[in-house]
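Summary of structural features
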Amino acid sequence: MMRLQKIYHRLTLVPFSPLSLPSNCSLLPLASSLRLTPHNRIAPNFSSMATSRLRNLAPLGAIPAEDGAGGASNGSTSSSATAATSLDYEDESTSGVKYRDPPPDIKDIVDAPPVPALSFSPRRDKIIFLKRRALPPLADLARPEEKLAGIRIDGNCNSRSRMSFYTGVGIHQILPDGTLGPETEVHGFPDGAKINFVSWSPDGWHLSFSIRVNEENSDSSKFRVWIADVETGKARPLFQSPNVHLNAVFDNYVWVGNSSLLVSTIPSSRGAPPKKPLVPGGPKVQSNEEKNIIQVRTFQDLLKDEYDEDLFDYYATSQLVLASLDGTTKDIGPPAVYTSMDPSPDHKYILISSIHRPYSFIVPCGRFPKKVELWSADGKVVRELCDLPLAEDIPIAFNSVRKGMRSINWRADKPSSLYWVETQDGGDAKVEISPRDIVYAQPAEPLEGEQPVILHKLDLRYGGISWCDDSLALVYESWYKTRRIRTWVISPRSQDVTPHILFDRSSEDVYSDPGSPMMRRTQAGTYIIAKIKKDSDERRYIILNGNGATPEGNVPFLDLFDINTGNKERIWESNKEKYYETVVALMSDQEEGDLDLDKLKILTSKESKTENTQYYFVSWPDKKLVQITNFPHPYPQLTSLQKEMVRYQRKDGVQLTATLYLPPDYDPSRDGPLPCLVWSYPGEFKSKDAAGQVRGSPNEFAGIGPTSALLWLARRFAILSGPTIPIIGEGDEEANDRYVEQLVASAEAAVEEVIRRGVAHPKKIAVGGHSYGAFMTANLLAHAPHLFCCGVARSGAYNRTLTPFGFQNEDRTLWEATNTYVEMSPFMSANKIKKPILLIHGEEDNNSGTLTMQSDRFFNALKGHGALCRLVILPYESHGYTARESIMHVLWETDRWLHKYCVSNSSDASEDHDTGRVKENVSKGTTDAESKVVVTSGGGSRELSDLEHEEFNSLPRSSLW
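Definitions and cut-offs
- Residues numbered from 1 in each chain as written.
- Predicted model: local features only at pLDDT ≥ 70, side-chain atom pairs only at ≥ 80, totals over all residues.
- Heavy atoms only, no water.
- Helix = DSSP H or I, 4+ residues; strand = E, 2+ residues; numbered from the N terminus.
- Buried < 20%, exposed > 50% of the residue type's maximum accessible area, 1.4 Å probe, protein only.
- Contact = heavy atoms within 4.5 Å.
- Areas by Shrake-Rupley, 256 points an atom, 1.4 Å probe, with all protein chains shown as cover.
- Salt bridge = Lys/Arg side-chain N within 4 Å of Asp/Glu carboxyl O.
- Pairing = 2+ DSSP bridges.
- Axes fitted to C-alpha atoms, helices over the stretch in contact; angles between N-to-C directions.
- Polar contact = N/O pair within 3.5 Å; in protein donor to acceptor, adjacent residues only side chain to side chain.
- Phe/Tyr/Trp six-rings, centres within 6.5 Å; stacked < 30°, edge-to-face > 60°.
- Core = buried A, V, L, I, M, F, W, Y, C linked by side-chain atoms within 4.5 Å.
- Expected span 1.5 Å × (residues − 1).
- pLDDT = per-residue confidence, 0-100.

Remarks on the overall build of the chain
- A tally of regular secondary structure across the chain gives 12 helices and 51 strands.
- Burial statistics for the chain: of 961 residues in total, 62% are counted as buried.
- For the chain, the share of sequence-separated contacts (at least 6 apart) that also reach a separation of at least 24 residues comes to 66%.
- Taken as a whole, the chain presents about 35400 Å² of accessible surface, with 50% of it coming from carbon and sulfur.

Rendered as structure tokens:
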């Protein structure tokens, strides 16, 4: 809910599903230790588009490369890492040296060209298609970078590293009948330009974006801001001087009115970066002589010394420049580490946030001292709102927050009115107090002596506000421990109107979700709750947009809702029989005032099991449907795949669900059972009923990401995708205290179901997962070896004593829940793992908790007990894998593992292992100038050369609607 009006404006069409987590969990295997380390380091910077249902409705800005890349680049392998194509899995003489390609039936799907991202103009009269490249080459990831204060910076570009980019922008007019006119290509910039941070001007007449060209040149590799006329497509630089470059480490630029932009630039006076002293001036010392209690999670890429502090200042410091479209510019404010710039809706003021010293060596920059000031539009400081101290002591308990003013934003329904929230519990969620949070409001320039107005007091933790007008706003609060979530109705102008609860429910209970209010764009570019008028009815309504979760799957809907009486009228619902449709945006909000129901127009998406997502306009009163996209099927070879949402029961009575995918033209009675891959990710719940609810739709299109388990449909596998693995802790019970028991019970139920259906061979069922799913995989092989023939664990954490101050949804410390930490850790049960396990990890994993050494140490523990295992470390890759070479090799490793230990499995692997018949008791490897390898199988290993650990970074972001 923070800075919603800005997010709505700059990310014009963005999916709800976050890209920081892979929307389609990828799949990878586990076998003998293989470390690929290219000798030369070249250039990083790319992102992947997650394969969510709305994967082509993407943020206009850059999308950092993290989890789940979208598409691939045909032939984009680098010269130093040519992929081999041999599928002779018995010949591994070169497996430790060259990157490999999977079989063509997998490779062709991954190499399918990506569809463009879409964005509509503020006036809803135009749509732009943002064209993008597919998977980047490894050379893009190999660019040098600095790991500072929890972020990774490309020094040449002066931006976050591994940023994706668009390759072109096409503009289409939306014709009166709803169809699209011919494309006008944005032109005028250099060939090969990389486009980022695309943004509409508030009036929709211009596009702004950044350009970078030659990343090996220190000047042309830096970002320059460009402007394009949307009628002609002609683009030009915003700044006449070629020496003004964007500083894209934090917030980069924002429109201030229709003809000016506030731009964060690299200071013109900045010299060369500081040089690291050859000899340190003294030891590195940290002290806690004050006996403060400071507990922090395992943050990565932190500052390490004074040199790092200086380097962080060097790259993060900006000079703000107010630039007009007519070419005039003006420096405003002093150089500083500005993190956000947020103009008021009337563009008279700017909310400026910055961070400053003293910095910290134990927390990332988001907790550094933070100053928030109110400036006039011409850069004069009006007043300081707060200067928050360093926040190293935020408790690890969920719902704990920073002390002082937070979530400082502009009211979306007012020209220049501020609101914020302040905690009353010192930020500590364990403190019992009422109220817990208070929401305040105040004009930008209050009268002398005018105090902030209390808008609302909350007993749970503040979760945001949806504004409408002086008579209506919705305030959200929630509490993780109980999963309680409440929505309040308040009247911002009338202190004598008592707030009342509109919805009070469990966030886990998806069946009771009433939906969220649809927002409309204002002329100021902010977004507020849309008010609807109906015929001659004097009352005003809002529209609730819901997922429509039911026991048969999601059936999205729109309800016309009377906020005073609670009465609802369903005005739109997704097709239940064949299609899955969702409402993406309101399209009839060009004019101010209440919207007429009979003139309502919305943008919807529509898909089926076999038809990929397309977009439509739906217009009232007859709900006329006009298709506006016609994207080709991304993998026609799987058009006739079979998909079914299955339900089954755990032995303790908990209802479970999963999505079962079967290859095209498969008939169990004719073809018999198949090898099966189970791919999942555990989740915590407070109630059995909520854990058993159905999530998702049987009619959703099967989006296949570049490392998705669904790729193995092309290899004639049955895929059990996302079987629910609920870890339930009812009442005061902590879910993780029975983690292993519930994990095994859920897996047993899933395996029994696919065997009962006759689609999976009992001795050919593999299990896999990414991150917490990898943790799950290792635990299942340790504690349920009778269920699976082998496992694939990707980027996991296996020893919870290395994350002593909490992990995932566990907020107790190691010392508070020692037995739980130990019993949950598959590292502690390495001696029990007898089935083949393939571990894959990015060498530069920056995700909290999943350090690369987790896989290194787990592999050593497995090897120390003679387990059949394989470790693959991917150079330059982070928590999710991005480079084409890396992804293709991951798929090759996975396919090899599944072919060798699943498809070819004909006996009980645990018995074979015990008698020594299945061990890969071979230690072999080769080296060349490009790679250094260790190959270890079974009980033996031989180091062929020293392992070199290169460093690289990847920064996840989320997509927001």
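Now that the structure is up, let's keep going.
Overview of the pattern of salt bridges
- Taken as a whole, this structure holds 53 salt bridges when the rule is applied.
- For D105, the salt bridge is made with R715, and the minimal N-O distance between the two is 3.7 Å. Of this pair, D105 sits in helix α2 (residues 104–110) while R715 sits in the loop between α6 (688–691) and β44 (718–721); the two residues are 610 residues apart in sequence, bridging distant segments of the chain.
- The shortest N-O distance in the salt bridge between E741 and R738 comes to 2.8 Å.
- On the accessibility criterion, E741 (49% relative accessible area) is partly exposed.
- Given a relative accessible area of 26%, R738 falls into the partly exposed group.
- Several salt bridges share partner residues, and in doing so they unite R406, D425, R436, D437 and R461 into one network.

Considering the sheet that holds strand β26 (residues 484–490)
- With antiparallel pairing, 4 strands are arranged side by side in an open sheet as β24-β25-β26-β27. Of all strands in the sheet, those with a lone pairing partner are β24 (461–469) and β27 (500–506), marking the two edges. For this sheet the average axis-to-axis angle between neighbouring strands, irrespective of direction, equals 15 degrees.

Side note on the environment of R757
- Residue placement: R757 occurs in the loop between α7 (739–756) and β46 (760–770).
- When its relative accessible area of 27% is taken as the criterion, R757 is described as partly exposed.
- Considering only alpha carbons, one finds R757 and P668, 89 residues apart in sequence, at a separation of 8.5 Å.
- Setting aside chain neighbours within four positions, we find R757 in contact with E644, V646 and L660.
- A polar atom in the side chain of R757 sits 2.7 Å from the side chain of E753.

Details of unusual backbone geometry
- Omega for the peptide link from S434 to P435 comes to -5 degrees, which places this bond in the cis form.
- Of the consecutive residues W620 and P621, the connecting peptide bond is found in the cis state with omega at 10 degrees.
- As for its placement among the helices and strands, P621 is situated in the loop between β38 (614–619) and β39 (624–627).
- The phi angle at K291 is positive, at roughly 60 degrees, despite the residue not being glycine.
- In this structure K291 comes out as exposed when scored by relative accessible area, which is 73%.
- Of note in this structure, Q808 is not a glycine but carries a positive phi near 45 degrees.
- Tracing the sequence through the fold places Q808 in the loop between β47 (790–794) and α9 (818–824).

Remarks on the packing of aromatic side chains
- Applying the stated criterion to the full structure yields 24 aromatic pairs.
- When the ring of F189 is compared with that of F209, the centres are 6.0 Å apart and the planes differ by 80 degrees; the resulting orientation is edge-to-face. Taken together, the residues span a long stretch of sequence, with F189 in the loop between β8 (180–185) and β9 (194–200) and F209 in strand β10 (residues 206–212) at a distance of 20 residues. Residue F189 shares its accessibility class with F209, and that shared class is buried.

A word on the sheet that holds strand β5 (residues 151–154)
- With antiparallel pairing, the 3 strands of this open sheet are ordered in space as β4-β5-β6. For this open sheet the edge positions go to β4 (146–148) and β6 (159–160), each flanked by a neighbour on one side alone.
- Bridge count for β5 against β6 is 2 bridges, and the pairing is antiparallel. Residue pairing across strands places I153 opposite R160, the latter belonging to β6.
- Running over the sheet, helix α4 (residues 306–316) touches β4 and β5 and is turned about 105 degrees from β4.

Thoughts on the pairing of strand β21 (residues 417–423)
- Across the 7 residues that make up β21, a large majority, 6, are buried.
- Counting the residues that bridge the hairpin from strand β20 (residues 405–410) to β21 gives 6 residues.
- Relative to strand β22 (residues 437–443), β21 runs antiparallel, the two sharing 7 bridges. Bridging from a neighbouring strand, Y419 pairs with A441 of β22.

Observations concerning the nonpolar core
- Ranked by internal contacts, the top residues of the largest apolar core, which has 62 residues, are L780, F788, I837, L839, F858 and L862.
- With residues up to four places along the chain from it excluded, the contact list for L780 reads L743, V744, A747, V767, P785 and F788.
- Core analysis: the next-biggest nonpolar cluster, separate from the first, contains 39 residues, L677, L710, I719 and I840 among them.

Describing helix α8 (residues 772–783)
- Counted at 1.5 Å a residue, the expected span for α8 with its 12 residues is 16 Å, and the 16 Å between its end C-alpha atoms agrees.
- Burial analysis of α8 places 11 of its 12 residues in the buried class, which makes it a mostly covered element.
- When we look at burial in α8, the residues that qualify are Y772, G773, A774, F775, M776, T777, A778, N779, L780, L781 and A782.

Points about the side chain of T487
- As for its placement among the helices and strands, T487 is situated in strand β26.
- Apart from residues no more than four positions distant in its own chain, T487 is found in contact with L474, V475, Y476, H500, I501, L502 and F503.

Some remarks on helix α10 (residues 852–864)
- Between the first and last C-alpha of α10 there are 19 Å, a value that for 13 residues agrees with the 18 Å anticipated at 1.5 Å per step.
- Just past α10, the residue G866 takes up positive phi, approximately 70 degrees.

Brief notes about the confidence of the model for the chain
- Summing up the model confidence of the chain, the mean pLDDT is 86 and the portion of residues at 70 or higher is 84%.
- For the stretch residues 909–961, pLDDT sits under 50, and the model shows 171 contacts to residues farther than four places along the chain or on other chains.

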